[in-house]
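Listed below are the residues making up each chain.
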Amino acid sequence: MPSLTVPPVPHYPSPPPTEENLAYADLSVIDLAKAGDAEGRAELAAQVCAAMQTHGFFYVINHGYTSEQTARMFDIADIPFSCVTPEDKHIYTAKMKEVGSYQGYKPRQYWHIDNGVHDQLESYSISRDVGKRQHPEAVRPFLPDIEALARHSHFNVLHPILRLLAIGLGLPEDELVNLHGFSSVGETYVRFMKYYPRSQEDEAKTKNVWLKGHTDIGTITVLYSQPVAALQILGRDGKWLWVKHIENALVINTGDAMELLSGGYYKGTIHRVVQPPVDQQHLTRLGLFYFAMTDDAVKLAPLAHSPVLQRVGIERRCADEDAPTMEVWRRARTSAYGQSELKAKEGGAVEEEVISGVLVKHYN
């Protein structure tokens with residue numbers, strides 16, 4: 001009979017939120033407890049559509065994980081960084097540039113940020129199919145927890161949000177859900193991320209930017225809120241706004257794949273990571289994410305049969321016949337990110353590259 005004992009995990013102490021007065025974005029709060037019936041989903045769909053037309057980010061509450069469950073997952077999220085030797089990390093390094101996959105470790109200083117400065121971000125990505133690859137020995141006892149997180153994020157968070165977005169497009173509720181099979185061929189994954197403080201010299205060279213303004217590759221990004229302030233979003237007025245921590249809430253945004261599928265109706269949201277405020281600058285920043293993508297075979301062309309798109313029009317980033325599949329798009333974006341030559345535009349505030357026939361922008 002299998003053991004019912006939950007393996008102990010070293011506790012990762014959660015730091016207190018910043019006390020600085022920051023310019024926070026006024027984000028909508030979506031209560032998934034209301035998504036149990038058609039009337040509730042219609043109400044939430046209107047809220048989500050409004051959020052997409054303003055900041056493109058929103059919070060989710062009542063998603064089904066307790067504060068204790070979330071805290072345990074943050075404890076587990078630190079294990080790949082604090083309990084694995086550098087030698088073992090090297091063994092499990094992702095082959096991002098070679099095969100366009102984030103599965104495994106992204107080492108520190110892999111991405112170029114600016115003026116010769118590279119990132120101080122370490123990450124470990126695990127496919128939603130946790131048995132797809134081998135993992136460091138320290139991680140293996142916690143694979144059931146990680147698989148449970150992936151299933152929870154997929155079925156209890158991603159799918160309800162996809163239904164709300166489909167309603168907003170006037171499509172059948174499960175149309176977007178059907179493009180995101182849990183057991184399908186694809187690369188939706190759990191990611192643990194850890195940012196480390198940098199030298200003041202590097203901060204000056206990058207103007208305190210840790211990760212340039214960008215849009216995500218996939219359809220939906222699920223971020224489990226944590227207290228170290230660093231995430232900013234680009235407002236419609238061109239100003240950067242901070243994302244405030246809400247205990248046991250999720251922070252949701254759309255990515256490029258959703259923008260392509262929705263014909264620009266749901267735009268990939270521009271966001272960046274910067275040095276935390278003064279009272280948190282000595283801290284490492286631990287992140288817990290679920291990055292969702294469609295099944296690999298899905299062609300990222302607009303869902304032109306949407307009555308909403310037929311009414312408001314479609315913004316195309318490439319011709320429909322040239323639209324890449326999810327597999328082509330994710331591999332190309334993953335291989336190029338932080339490694340390719342970018343062309344400066346708009347006085348250097350924007351840098352551009354073309355990937356799989358689609359223009360991609362990065363924001364300084």
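Residues numbered from 1 in each chain as written. Predicted model: local features only at pLDDT ≥ 70, side-chain atom pairs only at ≥ 80, totals over all residues. Heavy atoms only, no water.

K.L.:
Just to check I follow, could you spell out the UniProt feature "domain: Non-haem dioxygenase N-terminal" (unreviewed entry) in the protein chain for this structure?
P.N.:
Within the UniProt annotation, "domain: Non-haem dioxygenase N-terminal" (unreviewed entry) is assigned to residues 28-134. The distance from the first to the last C-alpha atom of residues 28-134 is 39 Å, and the span holds 40% helix and 22% strand. (UniProt positions renumbered as here; feature names shortened; annotations may be inferred. Helix = DSSP H or I, 4+ residues; strand = E, 2+ residues; numbered from the N terminus.)

K.L.:
How do you make sense of empty space enclosed by the protein when you look at a structure like this?
P.N.:
Empty space among the atoms becomes apparent when a probe as large as a water molecule is rolled across them. Under the defined criterion, the tally for this structure stands at 4 cavities of 30 Å³ or more. Approximately 370 Å³ is the volume found for the largest cavity. Taken together, 26 residues make up the lining of the largest cavity; nearest its centre are Arg191, His214, Asp216, His271 and Phe291. Going through the elements one at a time, β7 (189-195), β8 (209-214), β9 (220-224), β13 (271-274) and β14 (285-292) are the ones with two or more residues in the lining of the largest cavity. For the lining of the largest cavity, the per-class residue count stands at 16 nonpolar, 6 polar and 4 charged. By volume, the second largest cavity amounts to about 50 Å³. (1 Å grid on protein atoms, 1.4 Å probe; cavity = no way out; pocket = protein on both sides within 12 Å on 5 of 7 lines; lining within 4 Å. Points joined across faces, edges and corners; volume = space filled by probe spheres on them. Nonpolar A, V, L, I, M, F, W, Y, C, P; charged D, E, K, R; others polar.)

K.L.:
Any chance you could explain unusual backbone geometry here in plain terms?
P.N.:
Peptide bonds are mostly trans, and most non-glycine residues show a negative phi. Notably, Asn62 is not glycine yet its phi reads approximately 55 degrees, a positive angle. If you trace the backbone, Asn62 turns up in the loop between β2 (57-61) and α2 (67-82). Positive phi values are uncommon outside glycine, yet Lys207 reaches one of about 55 degrees. The residue Lys207 is located in the loop between α6 (200-206) and β8 in this model.

K.L.:
Even after reading the chapter, I still don't get the side chain of Gln280, so can you show me in this structure?
P.N.:
Mapped onto the fold, Gln280 is located in the loop between β13 and β14. If near-sequence neighbours (up to four positions away) are discounted, Gln280 is found in contact with Pro16, Pro17, Thr18, Pro227, Val228 and Ala229. (Contact = heavy atoms within 4.5 Å.)

K.L.:
Just checking my understanding: could you explain the pattern of salt bridges for this structure?
P.N.:
Opposite charge on two side chains permits them to pair, given that their charged atoms come into close proximity. The full count for this structure, using the stated rule, is 18 salt bridges. Residues Asp145 and Arg72 are paired through a salt bridge, measuring 2.9 Å at the closest nitrogen-oxygen approach. Taken as a pair, Asp145 in helix α5 (residues 143-168) and Arg72 in helix α2 lie far apart in primary sequence, 73 residues in all. Exposure class is identical for Asp145 and Arg72. Each is buried. (Salt bridge = Lys/Arg side-chain N within 4 Å of Asp/Glu carboxyl O. Buried < 20%, exposed > 50% of the residue type's maximum accessible area, 1.4 Å probe, protein only.)

K.L.:
Can you help me understand the sheet that holds β9 in this one?
P.N.:
Picture the strands of a sheet paired through backbone hydrogen bonds; they go either parallel or antiparallel. The strand order across the open sheet built from 8 strands is β1-β2-β12-β9-β14-β7-β6-β3, with neighbouring strands paired in mixed fashion. With one partner strand each, in any of the chains shown, β1 (28-31) and β3 (104-106) form the two edges of the open sheet. Mean inter-strand twist for the sheet, computed between neighbouring axes without regard to direction, equals 25 degrees. Two elements, β1 and β2, share 4 bridges in a ladder whose sense is parallel. Among the inter-strand pairings, Ser28 is bridged to a residue of β2, identified as Phe58. On top of the sheet, helix α1 (residues 38-54) reaches β1, β2 and β12 (250-254); it is set at about 155 degrees to β1, its chief contact. Seen against the sheet, α2 touches β3, β6 (121-127), β7, β9 and β14 and runs at an angle of roughly 100 degrees to β14. (Pairing = 2+ DSSP bridges. Axes fitted to C-alpha atoms, helices over the stretch in contact; angles between N-to-C directions.)

K.L.:
Mind showing me how you'd approach the side chain of Asn248 here?
P.N.:
Tracing the backbone shows Asn248 in the loop between β11 (240-242) and β12. Assessed through its relative accessible area of 17%, Asn248 is described here as buried. Within the structure, Asn248 has its side chain in polar contact with the backbone oxygen of Tyr65 (distance 2.9 Å). Look past the residues within four positions of Asn248 in its chain and what remains in contact with it is His63, Tyr65, Thr66, Ser67 and Thr70. (Polar contact = N/O pair within 3.5 Å; in protein donor to acceptor, adjacent residues only side chain to side chain.)

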